[in-house]
Amino acid sequence: MGLFDELMGNSSEKNVGEVQAEFQDYLLEDEVVEASFILIRDLFVFTNKRILIVDKQGFSGKKIEFITIPYKNIRAFSVENAGRFDIDAELKLFVAGIQMPIVKLFNKDTDIVKLQKLIAQRLLN
């Protein structure tokens, strides 16, 4: 991921095996990381049970907040692919109990179709 992507807040995919190993202590025994995206220092992790947002805070990033969004609490979502002149794709999650949608930007190399299928499978099955 280039500096421009970082400054614009775009994300890129991160190896799921690395994320599974790094956050094993925070995952349930039968929880499996299915996709993961890095956004500057933060992670947006999709498991078979929930979406986990790993928010690194402070200058050193040693303070970390773990935000869990159970799939059952997602009321709707939208994806917008990157167009010819766009630099990013967008995911919006509408979560019960939260007024505004959670919005994440992904670089145009992210397989947004795969991402929306992953969420749809969890919400519609």
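What counts, and at which threshold
- Residues numbered from 1 in each chain as written.
- Predicted model: local features only at pLDDT ≥ 70, side-chain atom pairs only at ≥ 80, totals over all residues.
- Heavy atoms only, no water.
- Core = buried A, V, L, I, M, F, W, Y, C linked by side-chain atoms within 4.5 Å.
- Buried < 20%, exposed > 50% of the residue type's maximum accessible area, 1.4 Å probe, protein only.
- Helix = DSSP H or I, 4+ residues; strand = E, 2+ residues; numbered from the N terminus.
- Contact = heavy atoms within 4.5 Å.
- Pairing = 2+ DSSP bridges.
- Axes fitted to C-alpha atoms, helices over the stretch in contact; angles between N-to-C directions.
- Phe/Tyr/Trp six-rings, centres within 6.5 Å; stacked < 30°, edge-to-face > 60°.
- pLDDT = per-residue confidence, 0-100.
- Salt bridge = Lys/Arg side-chain N within 4 Å of Asp/Glu carboxyl O.

By the naming in an unreviewed UniProt entry, the protein chain goes by PH domain-containing protein and is assigned to Macrococcoides goetzii.

Draft legend 1. Focus on the nonpolar core. Judged by nonpolar contacts, the single largest core of 19 residues is most densely connected at F44, F46, I51, L91, L93, F106 and L115. Of all the secondary structure elements, the ones that give two or more residues to this core are β2 (33-39), β3 (42-47), β4 (50-57), β7 (88-95), β8 (102-107) and α3 (112-124). Among all residues touching I51, those that are not within four sequence positions of it are F44, V45, F46, I67, T68, I69, Y71, I74 and L93. Core analysis: the second largest hydrophobic core is formed by eight residues, V19, V33, V45 and L52 among them.

Draft legend 2. Molecular detail of the sheet that holds β7. Judged by pairing direction, the sheet is antiparallel, and its three strands sit side by side in the order β6-β7-β8 without closing on themselves. Strands with a single pairing partner mark the edges of an open sheet, and in this sheet they are β6 (74-80) and β8. Averaged over all pairs of adjacent strands, the angle between their axes in this sheet comes to 15°, without regard to strand direction. As paired strands, β6 and β7 are joined by six bridges and run antiparallel to one another. What sits directly across from E80, in β7, is E90. On top of the sheet, α3 reaches β6, β7 and β8; it is set at about 165° to β6, its chief contact.

Draft legend 3. View of the packing of aromatic side chains. Tallying each qualifying case throughout the model produces five aromatic pairs. Pairing Y26 with F66 gives two aromatic rings, centres 4.0 Å apart and planes at 20°, and the pair type is stacked. Taken as a pair, Y26 in the loop between α2 (16-22) and β2 and F66 in strand β5 (residues 63-70) lie far apart in primary sequence, 40 residues in all. Assessed through its relative accessible area of 27%, F66 is described here as partly exposed. One aromatic cluster in this structure is built from F23, Y26 and F66.

Draft legend 4. Here's a closer look at the confidence of the model for the protein chain. Averaged over every residue, the pLDDT of the protein chain is 83; the share at 70 or more is 86%. Note that residues 1-10 has pLDDT below 50 and, in this model, 21 contacts with residues that lie over four places away or in other chains.

Draft legend 5. View of the pairing of β3. Counting buried residues along β3, six of its six residues qualify, which places the element largely inside the surrounding structure. Judged from the six bridges that link them, β2 and β3 form a sheet pairing that is antiparallel. Of the residues in β3, the one forming a bridge with V33 is T47. With antiparallel pairing between neighbouring strands as the criterion, β3 and β4 make up a hairpin whose turn holds two residues.

Draft legend 6. Main features of the pattern of salt bridges. What the rule picks out here adds up to five salt bridges. The residue E22 makes a salt bridge to K14 at a minimum N-O spacing of 3.6 Å. The salt bridge partner of K92 is E90, with a shortest N-O separation of 3.9 Å. A relative accessible area of 28% places K92 in the partly exposed class.

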